[in-house]
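# Notes for the structure review
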Amino acid sequence: MANEHSQEDFRNLVSALLQTVNEVERSKFLTKLFGELYPTDLHDSEVIDDIRDKVFSSRAKSVAECNKCGRIWIQLTAGGQDYASFAPDSGDECLGILKF
């Protein structure tokens, strides 16, 4: 569900960027979205990357696995300090399921 909202927000912001055809409107849009210090002379592809990162990171939650016991820790809210933990059914065995 959060991913669907992120996708929709991303599309809406990119669409808004593309509608800002002149430099003054583009600059206002970028300042409103990212703040006064954001460079307004970036290529559109860089701005689109930044929009994507802003939208998705605002909803992303961390997931970690203890490399000793295999317990999974899931962040309860994006950017928050509270986590829920889940122990593996296989006992104290570390499965390394989150390793790439």
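Residues numbered from 1 in each chain as written. Predicted model: local features only at pLDDT ≥ 70, side-chain atom pairs only at ≥ 80, totals over all residues. Heavy atoms only, no water.

## A short note on the nonpolar core
Here is the rule we go by: The set of buried Ala, Val, Leu, Ile, Met, Phe, Trp, Tyr and Cys residues whose side-chain atoms join them within 4.5 Å is what this entry labels a nonpolar core. Relative accessible area decides the class of each residue, using a 1.4 Å probe on protein chains only: under 20% of the type maximum gives buried, over 50% gives exposed, and in between gives partly exposed. Numbering of helices and strands runs from the N terminus; a helix is a DSSP stretch of H or I covering at least four residues, while a strand is a stretch of E covering at least two. We call two residues in contact whenever any of their non-hydrogen atoms come within 4.5 Å of each other.
Counting residues in hydrophobic clusters, the biggest one holds 10 residues: Phe10, Val14, Leu17, Phe29, Leu30, Leu33, Tyr38, Val47, Ile51 and Val55. Among the secondary structure elements, those contributing two or more residues to this core are helix H1 (2-19), helix H2 (23-34) and helix H3 (44-57). When sequence neighbours within four positions are dropped, the list of residues in contact with valine 14 reads Ile48 and Ile51.

## Points about the sheet that holds strand E2 (residues 72-75)
The criterion, for reference: When DSSP finds two or more bridges between two strands, those strands count as paired. Angular values range over 0 to 180 degrees, each being the angle between N-to-C directions of two axes fitted as lines to C-alpha atoms, with helices fitted over their stretch in contact.
If you trace the 3 strands from one edge of the open sheet to the other, you get E1-E2-E3, paired in antiparallel fashion. This sheet does not close on itself; its edge strands, each paired only once, are strand E1 (63-65) and strand E3 (83-86). Between one strand axis and the next, the sheet turns through 20 degrees on average, direction left out of account. Pairing between E2 and E3: 4 bridges, direction antiparallel. Following the sheet pairing, glutamine 75 is matched in E3 by tyrosine 83.

## Comments concerning the packing of H2 against H3
Cut-off, in case you're wondering: Angle categories: roughly parallel below 35 degrees, roughly antiparallel above 145, roughly perpendicular from 65 to 115, and oblique for all the rest. Take the far helix as the reference: if the near one is turned anticlockwise from it by less than a right angle, the crossing is left-handed, and if turned clockwise, right-handed.
Following both chains from N to C, one finds H2 and H3 inclined at 25 degrees, their axes separated by 12 Å at the closest point. Between H2 and H3, the angle is such that the two are roughly parallel. The hand of the H2/H3 crossing is left-handed. Contacts between H2 and H3 pair Arg26, Phe29, Leu30, Leu33 and Phe34 from the former with Asp44, Val47, Asp50, Ile51 and Lys54 from the latter.

## Considering the pairing of E2
Relative to E2, E1 is paired through 3 bridges, and the arrangement is antiparallel. Directly across from valine 63, in E2, lies its bridge partner isoleucine 74. Connecting E1 to the next strand, E2, in antiparallel fashion are 6 residues, including glycine 70 with a positive phi near 85 degrees.

## Remarks on a nonpolar patch on the surface
Put simply, the rule is: Put simply, a patch holds well-exposed residues, over 30% relative accessible area, that have no salt bridge, with like charges counted together within 9 Å and Val, Leu, Ile, Met, Phe, Trp or Tyr side chains within 5 Å. Computed with the Shrake-Rupley method and a 1.4 Å probe, the accessible areas treat only the protein chains shown as cover for residues. Here, a salt bridge means any side-chain nitrogen of Lys or Arg that lies within 4 Å of a carboxyl oxygen of Asp or Glu.
A contiguous nonpolar surface patch, about 260 Å² in accessible area, is contributed by Val63, Ile97 and Leu98. If you trace the backbone, isoleucine 97 turns up in the segment after E3.

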